[in-house]
Amino acid sequence: MAGTNVADALVEYLSTRGVENIFGVLAHSSFAIGDAIARRPPMRFINAQHEGGAGNMALGYARATKKPAVCLVSAGGGATNIVTAVAQAHKESVPLFVISSDIDTAAAAKGPFSSFHGMEHVRLFQPITKHSAKLERIEELGPLLDSLFRQTTRGRQGPVFLIIPEDLQHAQLPEPLSFALCAEPVAPAMDAGAVKAAVDLLLQAKTPVVLAGTGVDWAGAREEMRELAELLSLPVAASYTAKGIFPENHPLALGCLGFGSRPYARQFFQEADLILALGATFSEGTTMRFGHEIVPETAKIVQIDTDPDELGRNYPTALSITADAKIALRAIIDEAKKRQPKPAADGGRGQAIQQAKQAWRNAMEQKPANQGLTYESVMRTLNDSLTGNEILTTSGLTGDTLRGIDAVNPIIHAGEFRAIGTALATAMGVKLGRPDARVICVTGDGSFMMEQQELATAAYHKISVFVLILRNNAYGGMKRDQIKTYQGRVIGTELFIPDLSRLAALYGAKGVAVTRKEELKPVFQQALASDDFVVVDVKLD
């Protein structure tokens with residue numbers, strides 16, 4: 001590869017690592033990298049309208065494919081615009097490789113107050129990445145790329161940041177780079193004593209339950225989770241961020257815990273004498289601000305996680321194990337089968353869950369809120385219309401979506417970072433990663449307005465998603481809480497929202513306005529029967 005410049009070598013490296021899509025916004029200082037991408041089909045550059053949208057698309061793509069996603073931004077404002085998405089990736093342990101151009105080294109030497117776009121990029125990204133670095137010498141390119149790309153997925157996953165000065169992008173490499181793939185390290189087997197101790201606790205417990213976090217999904221352990229649940233008749237709840245990783249049409253499924261949970265899920269956990277926590281952190285969203293509203297004070301906890309720092313962090317554990325969820329589950333299943341070869345009689349637990357679920361449904365149907373065009377009636381109609389091939393993203397009304405949908409696939413949202421203005425771009429990234437699925441963005445109108453420009457990206461790149469907007473001309477949850485807390489006074493939470501069905505048509509989508517409850521079912525059925533680019537604007541009562 002003698003005579004190859006840094007930009008070409010960078011793109012060649014990403015290609016050898018299986019990167020097919022790069023999300024971002026180009027600028028003059030990143031043209032060399034952009035041109036290198038253009039000369040390497042079938043690699044695609046997905047140019048967003050805003051770097052924040054590019055970051056959210058990358059988040060969705062990584063969640064859908066279980067692979068690192070790559071972003072390309074530019075010095076100064078381009079880099080600062082993607083900070084929110086990177087911070088979310090850091091908090092939610094999503095592997096992103098964020099590359100930024102920098103001003104050339106001569107301009108940088110004049111100081112950040114004198115040069116275009118000059119600033120301390122590396123220091124800005126240090127608190128929200130696993131590693132933030134600048135290419136200072138072209139000889140460092142190969143080792144630096146290898147180190148950063150590996151870090152996205154090793155140990156606790158997360159984002160990394162690399163900034164490359166404009167002049168170095170054009171610099172010729174003094175010698176060829178080796179792009180040979182190294183074998184991924186084999187995760188260590190679980191300690192036999194720890195496996196036996198975990199199975200002892202499970203078999204001794206009278207009312208054990210499972211809390212499954214996103215670590216189960218990233219480990220590819222959803223099938224093992226089902227096998228263990230059925231073997232030992234374990235009710236399974238997902239963490240706040242992991243809704244849908246255990247299919248909610250399963251008799252032992254409780255849905256998610258915490259904000260967005262259903263009352264019967266909390267009840268089963270309150271009655272538990274043992275909690276097996278897999279790839280879950282007992283977060284604020286899952287535990288409803290910690291305390292014992294979800295997690296009973298007397299329950300023993302067996303916590304398994306790849307990050308040892310999370311073990312026992314928020315609640316004391318009876319047993320803490322550092323392990324990959326898939327390896328841990330397989331070891332526990334094998335040990336449990338030695339002692340109990342046949343699935344346990346469920347003692348009526350599955351039946352009790354189904355009865356509790358039906359009682360909750362019946363109570364919801366009797367609520368006055370179900371009679372008009374409300375959050376509840378929209379979610380109920382959407383839930384009844386789903387076929388099982390859909391993947392949902394949501395922001396702006398996350399709790400309502402989590403509570404209302406019986407998910408059989410993970411519902412992707414901003415998690416504990418709780419950012420709004422993310423679901424549309426995230427859905428587009430999911431669709432690029434999972435073109436076989438019907439991808440639905442469920443969003444509030446306030447959240448949608450923060451990213452509506454990305455409809456242009458969807459149109460340009462022919463990314464066909466179903467966008468469902470619930471409109472109340474406000475940041476609805478915040479307005480509700482303002483009214484409740486401040487004697488009815490409202491400030492900063494009411495919005496002007498244009499005709500979104502007409503706006504969608506201008507962006508090349510099929511726009512539909514819904515003003516009556518009776519219109520929901522046929523509109524949803526039509527939107528789900530095709531893979532068209534559709535925007536449905538539901539004007540709530």
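Residues numbered from 1 in each chain as written. Predicted model: local features only at pLDDT ≥ 70, side-chain atom pairs only at ≥ 80, totals over all residues. Heavy atoms only, no water.

Enquirer: What's the story with the overall build of the chain in this structure? I'm lost.
Expert: Across its full length, the chain holds 24 helices and 18 strands. The C-alpha radius of gyration of the chain comes to 24 Å, within 12% of the 24 Å expected for a compact globule of 541 residues. Taking the principal axes of the C-alpha coordinates as reference, the chain spans close to 70 × 60 × 45 Å. Within the span of the chain, comprising 541 residues, buried residues form 57% of the whole. Only carbon and sulfur atoms are counted for the fraction: they give 52% of the accessible area of the chain, which is about 22,300 Å². (Helix = DSSP H or I, 4+ residues; strand = E, 2+ residues; numbered from the N terminus. Rg over C-alpha atoms; globule rule 2.2 N^0.38 Å. Buried < 20%, exposed > 50% of the residue type's maximum accessible area, 1.4 Å probe, protein only. Areas by Shrake-Rupley, 256 points an atom, 1.4 Å probe, with all protein chains shown as cover.)

Enquirer: Can you help me understand unusual backbone geometry in this one?
Expert: Most peptide bonds are trans, and most residues other than glycine sit at a negative phi. Following P41, the chain continues to P42 via a peptide bond in cis, the omega torsion being 10°. With phi around 55°, K462 is a residue other than glycine that occupies positive phi space.

Enquirer: When you look at the side chain of K431 in this model, what are you seeing that I'm missing?
Expert: Residue position: K431 is located in helix 19 (residues 423-433). Accessibility expressed as a relative area gives 7% for K431, which makes it buried. A distance of 3.0 Å separates polar atoms of two side chains, one belonging to K431 and the other to D531. Excluding residues that lie within four positions of it along the chain, K431 makes contacts with A437, V439, I463, S464, V465 and D531. (Polar contact = N/O pair within 3.5 Å; in protein donor to acceptor, adjacent residues only side chain to side chain. Contact = heavy atoms within 4.5 Å.)

Enquirer: It is not clear to me how the packing of aromatic side chains should be interpreted in this structure. Could you clarify?
Expert: Both the distance between ring centres and the angle between the ring planes are used here to describe each pair of aromatic rings. The full count for this structure, using the stated rule, is eight aromatic pairs. Taken together, a centroid distance of 3.9 Å and an interplanar angle of 5° make the contact between F125 and F161 stacked. Residue F125 is located in helix 7 (residues 121-125), and its partner F161 is located in strand 6 (residues 160-165); the two are separated by 36 residues in the primary sequence. Comparing F125 with F161, the two get one shared label, buried. Geometrically, the ring pair formed by Y264 and W360 is edge-to-face, given 6.5 Å between the ring centres and 70° between the ring planes. You can see Y264 sitting in helix 13 (residues 263-270) and its partner W360 sitting in helix 16 (residues 349-366), a full 96 residues away along the chain. Of the two residues, Y264 and W360, neither departs from the other in class, the shared state being buried. Taken together, the aromatic side chains of Y13, F97, F149 and F179 make up a single cluster linked through ring pairs. (Phe/Tyr/Trp six-rings, centres within 6.5 Å; stacked < 30°, edge-to-face > 60°.)

Enquirer: Just checking my understanding: could you explain the side chain of S501 for this structure?
Expert: Within the element layout of this structure, S501 appears in helix 23 (residues 500-506). Only 2.7 Å separates the side chain of S501 from the side chain of D499, close enough to count as a polar contact. Not counting residues within four places of it along the chain, the set of residues in contact with S501 comprises G511, V512, A513 and D537.

Enquirer: Help me out: how do you make sense of the pairing of strand 15 (residues 438-444) in this one?
Expert: Sheet faces and side chains relate simply in a regular strand, where the side chains alternate between the two faces. Most of strand 15 sits out of view: seven of its seven residues are buried. Residue alternation in strand 15 divides its side chains into two sets, R438, I440, V442 and G444 and V439, C441 and T443, and both sets are buried. With six bridges joining them, strand 13 (residues 390-395) and strand 15 adopt parallel strand pairing. By the bridge assignment for strand 15, L392 is matched with I440. For strand 15 and strand 16 (residues 466-471), the ladder comprises five bridges, and the chain directions are parallel. (Pairing = 2+ DSSP bridges.)

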